[in-house]
Amino acid sequence: TFPFRMGVRKAQKLKEQPALGRGAQIVQVTVDMPFPVADREVVYDTWAVDAIDELGLISMKGVSLDVGAENGLVQPPEPGIKRIDFDAGFVIRRCPDDHPCLQTMNENSTSELAEGEHLLLLSLTQYVDAHVGWVPQSLINFSTRTALSGQWGSLLQVAQDVKEGNRPDHAKCIQEKKQLYGWVNERIDAMFAKLSKDVQQQEEQ
(Lines give C-alpha, C1' and ligand atoms only; values in the text may rest on other atoms or scores of the structure.)
Protein backbone atom coordinates (compact mmCIF):
# COMPACT_ATOMS: atom_id res chain seq x y z
CA THR A 1 0.00 0.00 0.00
CA PHE A 2 0.98 3.66 -0.35
CA PRO A 3 -0.49 7.00 0.78
CA PHE A 4 -3.31 8.22 -1.46
CA ARG A 5 -4.33 11.85 -1.54
CA MET A 6 -6.74 13.65 -3.80
CA GLY A 7 -8.76 16.80 -3.32
CA VAL A 8 -8.56 20.55 -2.97
CA ARG A 9 -5.43 21.55 -1.06
CA LYS A 10 -5.87 25.30 -1.27
CA ALA A 11 -8.42 27.76 -2.62
CA GLN A 12 -7.79 31.47 -2.29
CA LYS A 13 -9.07 34.72 -3.72
CA LEU A 14 -6.28 36.71 -5.35
CA LYS A 15 -8.27 39.78 -6.32
CA GLU A 16 -11.78 41.21 -6.16
CA GLN A 17 -13.08 43.13 -9.16
CA PRO A 18 -16.32 44.84 -8.09
CA ALA A 19 -16.19 47.16 -11.10
CA LEU A 20 -16.91 44.11 -13.30
CA GLY A 21 -20.03 43.11 -11.38
CA ARG A 22 -21.20 40.87 -8.57
CA GLY A 23 -18.88 38.03 -7.64
CA ALA A 24 -16.19 39.19 -10.04
CA GLN A 25 -12.88 37.94 -8.69
CA ILE A 26 -9.69 36.08 -9.52
CA VAL A 27 -9.36 32.73 -7.73
CA GLN A 28 -6.53 30.24 -7.36
CA VAL A 29 -7.32 26.57 -6.66
CA THR A 30 -4.68 23.88 -6.06
CA VAL A 31 -5.68 20.21 -6.15
CA ASP A 32 -3.70 17.25 -4.82
CA MET A 33 -3.54 14.37 -7.30
CA PRO A 34 -2.62 10.72 -6.72
CA PHE A 35 0.77 9.40 -7.77
CA PRO A 36 2.12 9.48 -10.46
CA VAL A 37 0.08 12.49 -11.64
CA ALA A 38 1.51 15.88 -10.67
CA ASP A 39 -0.70 18.14 -8.57
CA ARG A 40 -2.84 20.48 -10.62
CA GLU A 41 -3.70 24.15 -10.23
CA VAL A 42 -5.94 26.68 -11.94
CA VAL A 43 -6.06 30.46 -11.68
CA TYR A 44 -9.27 31.79 -13.15
CA ASP A 45 -11.27 34.96 -13.57
CA THR A 46 -14.94 34.65 -12.68
CA TRP A 47 -17.96 36.95 -12.90
CA ALA A 48 -21.77 36.85 -13.00
CA VAL A 49 -24.31 38.29 -15.44
CA ASP A 50 -27.91 39.20 -14.63
CA ALA A 51 -30.05 38.72 -17.74
CA ILE A 52 -33.38 37.95 -16.08
CA ASP A 53 -35.30 40.77 -17.72
CA GLU A 54 -33.83 40.14 -21.18
CA LEU A 55 -33.46 36.35 -21.29
CA GLY A 56 -34.89 35.05 -18.02
CA LEU A 57 -31.59 33.71 -16.72
CA ILE A 58 -28.52 34.27 -14.56
CA SER A 59 -25.12 33.33 -15.94
CA MET A 60 -21.73 32.81 -14.29
CA LYS A 61 -18.49 32.53 -16.22
CA GLY A 62 -14.99 31.37 -15.29
CA VAL A 63 -11.90 31.49 -17.53
CA SER A 64 -8.35 30.49 -16.63
CA LEU A 65 -5.59 33.09 -16.79
CA ASP A 66 -2.07 32.69 -18.13
CA VAL A 67 1.11 33.45 -16.20
CA GLY A 68 1.71 37.20 -16.17
CA ALA A 69 -1.94 38.16 -16.58
CA GLU A 70 -3.45 41.04 -14.63
CA ASN A 71 -0.17 43.00 -14.66
CA GLY A 72 1.83 40.14 -13.22
CA LEU A 73 -0.67 39.09 -10.56
CA VAL A 74 -0.72 35.53 -11.91
CA GLN A 75 2.62 34.01 -10.98
CA PRO A 76 4.10 30.70 -12.23
CA PRO A 77 3.05 27.61 -10.26
CA GLU A 78 5.26 26.19 -7.54
CA PRO A 79 7.63 23.32 -8.46
CA GLY A 80 5.78 20.03 -8.83
CA ILE A 81 2.46 21.68 -9.75
CA LYS A 82 1.01 21.77 -13.27
CA ARG A 83 -1.19 24.71 -14.28
CA ILE A 84 -4.29 23.69 -16.26
CA ASP A 85 -6.47 25.54 -18.78
CA PHE A 86 -10.10 26.02 -17.82
CA ASP A 87 -13.20 27.59 -19.36
CA ALA A 88 -16.60 27.06 -17.76
CA GLY A 89 -20.01 28.65 -17.61
CA PHE A 90 -23.13 28.17 -15.47
CA VAL A 91 -26.63 29.17 -16.53
CA ILE A 92 -29.59 29.24 -14.11
CA ARG A 93 -33.00 29.45 -15.76
CA ARG A 94 -36.51 28.06 -15.64
CA CYS A 95 -36.60 24.37 -16.45
CA PRO A 96 -38.39 23.89 -19.81
CA ASP A 97 -41.50 21.73 -19.62
CA ASP A 98 -40.09 19.34 -22.24
CA HIS A 99 -36.60 18.96 -20.73
CA PRO A 100 -35.54 15.25 -20.66
CA CYS A 101 -34.39 15.45 -17.03
CA LEU A 102 -37.78 16.83 -15.98
CA GLN A 103 -39.57 14.04 -17.80
CA THR A 104 -37.36 11.45 -16.09
CA MET A 105 -37.97 13.07 -12.70
CA ASN A 106 -41.74 13.05 -13.23
CA GLU A 107 -41.63 9.36 -14.13
CA ASN A 108 -39.67 8.45 -10.99
CA SER A 109 -41.34 10.79 -8.51
CA THR A 110 -44.71 10.61 -6.82
CA SER A 111 -44.62 14.20 -5.52
CA GLU A 112 -45.91 17.23 -7.37
CA LEU A 113 -44.94 20.87 -7.29
CA ALA A 114 -47.04 23.06 -5.04
CA GLU A 115 -49.01 25.83 -6.67
CA GLY A 116 -46.76 28.77 -7.49
CA GLU A 117 -43.55 26.74 -7.29
CA HIS A 118 -41.07 26.61 -10.16
CA LEU A 119 -38.20 24.33 -11.07
CA LEU A 120 -34.84 25.79 -12.02
CA LEU A 121 -32.43 24.25 -14.50
CA LEU A 122 -28.72 24.60 -13.77
CA SER A 123 -26.60 23.99 -16.87
CA LEU A 124 -22.82 23.70 -16.94
CA THR A 125 -20.53 23.86 -19.94
CA GLN A 126 -16.90 23.17 -19.10
CA TYR A 127 -13.71 22.76 -21.07
CA VAL A 128 -10.57 21.60 -19.28
CA ASP A 129 -7.08 20.85 -20.56
CA ALA A 130 -5.33 19.13 -17.65
CA HIS A 131 -2.16 18.63 -19.72
CA VAL A 132 -1.99 14.86 -19.33
CA GLY A 133 -1.12 13.95 -22.92
CA TRP A 134 0.34 10.61 -21.90
CA VAL A 135 -3.06 9.38 -20.69
CA PRO A 136 -5.34 7.81 -23.35
CA GLN A 137 -8.19 10.09 -24.39
CA SER A 138 -10.76 7.36 -23.72
CA LEU A 139 -9.61 7.13 -20.10
CA ILE A 140 -9.70 10.93 -19.72
CA ASN A 141 -13.26 11.03 -21.09
CA PHE A 142 -14.40 8.23 -18.77
CA SER A 143 -12.74 9.80 -15.72
CA THR A 144 -14.18 13.21 -16.53
CA ARG A 145 -17.73 11.91 -16.86
CA THR A 146 -17.39 9.89 -13.67
CA ALA A 147 -15.80 12.74 -11.73
CA LEU A 148 -18.37 15.32 -12.87
CA SER A 149 -21.24 12.99 -12.01
CA GLY A 150 -19.83 12.48 -8.52
CA GLN A 151 -19.12 16.20 -8.21
CA TRP A 152 -22.74 17.13 -8.94
CA GLY A 153 -24.02 14.47 -6.57
CA SER A 154 -21.79 15.77 -3.79
CA LEU A 155 -22.74 19.38 -4.52
CA LEU A 156 -26.45 18.61 -4.36
CA GLN A 157 -25.99 16.68 -1.11
CA VAL A 158 -24.10 19.60 0.46
CA ALA A 159 -26.84 22.01 -0.65
CA GLN A 160 -29.50 19.75 0.87
CA ASP A 161 -27.51 19.46 4.10
CA VAL A 162 -27.20 23.26 4.31
CA LYS A 163 -30.93 23.63 3.74
CA GLU A 164 -31.67 21.16 6.53
CA GLY A 165 -29.22 22.82 8.94
CA ASN A 166 -26.73 19.95 8.97
CA ARG A 167 -23.72 22.00 7.80
CA PRO A 168 -23.41 25.04 10.09
CA ASP A 169 -19.89 25.89 8.86
CA HIS A 170 -21.10 26.10 5.26
CA ALA A 171 -24.10 28.16 6.31
CA LYS A 172 -21.80 30.55 8.18
CA CYS A 173 -19.59 31.03 5.12
CA ILE A 174 -22.64 31.75 2.98
CA GLN A 175 -23.82 34.39 5.46
CA GLU A 176 -20.37 35.99 5.45
CA LYS A 177 -20.44 36.33 1.64
CA LYS A 178 -23.72 38.17 1.29
CA GLN A 179 -22.39 40.24 -1.62
CA LEU A 180 -22.45 37.13 -3.83
CA TYR A 181 -24.88 34.67 -2.24
CA GLY A 182 -27.31 37.36 -1.18
CA TRP A 183 -27.34 38.71 -4.73
CA VAL A 184 -27.97 35.24 -6.17
CA ASN A 185 -30.89 34.67 -3.77
CA GLU A 186 -32.30 38.10 -4.58
CA ARG A 187 -32.09 37.56 -8.32
CA ILE A 188 -33.58 34.05 -8.13
CA ASP A 189 -36.51 35.53 -6.18
CA ALA A 190 -36.83 38.08 -8.99
CA MET A 191 -36.74 35.23 -11.52
CA PHE A 192 -39.53 33.41 -9.66
CA ALA A 193 -41.58 36.61 -9.59
CA LYS A 194 -41.12 37.03 -13.33
CA LEU A 195 -42.07 33.40 -13.96
CA SER A 196 -45.25 33.78 -11.92
CA LYS A 197 -46.13 36.96 -13.80
CA ASP A 198 -45.50 35.28 -17.17
CA VAL A 199 -47.69 32.31 -16.22
CA GLN A 200 -50.47 34.63 -15.09
CA GLN A 201 -50.33 36.61 -18.35
CA GLN A 202 -50.48 33.38 -20.37
CA GLU A 203 -53.54 32.22 -18.44
CA GLU A 204 -55.28 35.56 -19.04
CA GLN A 205 -54.73 35.42 -22.79
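Up top is the structure.
Every value quoted in this text rests on a predicted model; they were computed, and no experiment measured them.

(A) Local environment of the overall build of the chain. Counting secondary structure elements, the chain contains six helices and seven strands. Across the 205 residues in the chain, those meeting the buried criterion constitute 25%. For the chain, the proportion of contacts with a sequence separation of at least 24, taken over those separated by at least 6, is 56%.

(B) Region of the structure containing the packing of aromatic side chains. Here the structure, examined in full by the defined rule, presents one aromatic pair. The interplanar angle of 45 degrees and the centroid separation of 5.4 Å between the aromatic rings of tyrosine 44 and phenylalanine 86 together place this pair among those described as tilted. With a gap of 42 residues between them, tyrosine 44 in strand E3 (residues 39-51) and phenylalanine 86 in strand E6 (residues 85-94) connect regions that are remote in the sequence.

(C) Fine view of the pairing of strand E4 (residues 57-64). One ladder, built from eight bridges, connects E3 with E4; its direction is antiparallel. Bridge pairing links threonine 46 to glycine 62 in E4. Pairing analysis gives seven bridges linking E4 to E6, with the strands arranged antiparallel. Bridge pairing in E6 places methionine 60 opposite phenylalanine 90.

(D) View of the nonpolar core. Grouped together as the largest cluster of nonpolar side chains are nine residues: Ala48, Ile52, Ile58, Ile92, Trp183, Val184, Ile188, Met191 and Leu195. With five residues, the single largest contributor to this core is helix H6 (residues 178-204). Not counting the four nearest positions on each side in its chain, isoleucine 188 is found in contact with Ile58 and Leu120. Residues Val27, Val29, Ile84 and Phe86 belong to the second largest nonpolar core, which totals seven residues.

(E) Representation of the pattern of salt bridges. Throughout the structure, instances matching the rule amount to five salt bridges. As a salt-bridge pair, aspartate 87 and lysine 61 come within 2.5 Å of each other at their nearest N and O atoms. A residue pair is termed long-range when its members are at least 10 positions apart, and aspartate 87 in strand E6 and lysine 61 in strand E4 qualify at 26 residues.

(F) Main features of unusual backbone geometry. A positive phi angle, near 55 degrees, is found at glutamate 70, a position not held by glycine. For glutamate 70, the location among the structural elements is in helix H2 (residues 69-72). In this structure, asparagine 71 is a non-glycine residue whose phi angle is positive, near 55 degrees. With respect to the helices, strands and loops of the structure, asparagine 71 is situated in helix H2. Given a relative accessible area of 85%, asparagine 71 falls into the exposed group.

(G) Just the side chain of serine 64, in detail. Residue placement: serine 64 occurs in strand E4. The residues touching serine 64, leaving out its near neighbours within four places in the chain, are Val42, Val43, Tyr44, Ile84, Asp85 and Phe86.

About the thresholds
Each chain carries its own residue numbering, running from 1 in the written order of its sequence. Residues qualify for local features only when their pLDDT is at least 70, as the model is predicted, and side-chain atom pairs are given and counted only at 80 or more; totals for whole chains, interfaces and linings, by contrast, use all residues. Each side-chain value is derived from all of the structure's non-hydrogen atoms; neither hydrogens nor water enter the calculation. Strands here are runs of E lasting at least two residues and helices are runs of H or I lasting at least four, both read from the DSSP assignment and numbered beginning at the N terminus. Each residue is assigned to one of three classes by its accessible area relative to the maximum for its type, calculated with a 1.4 Å probe on protein chains only: buried under 20%, partly exposed between the two thresholds, exposed over 50%. Residues count as neighbours in contact if any of their non-hydrogen atoms are within 4.5 Å of one another. Side-chain rings of Phe, Tyr and Trp, where Trp is taken by its six-membered ring, are said to pair if the distance between their centres is within 6.5 Å; with planes under 30 degrees apart they count as stacked, over 60 as edge-to-face, and otherwise as tilted. When DSSP finds two or more bridges between two strands, those strands count as paired. Residues belong to a common nonpolar core when they are buried Ala, Val, Leu, Ile, Met, Phe, Trp, Tyr or Cys residues joined through side-chain atoms within 4.5 Å. Salt bridge, as applied in this entry: a Lys or Arg side-chain nitrogen positioned within 4 Å of an Asp or Glu carboxyl oxygen.

Any functional reading would require information that these geometric values do not contain.
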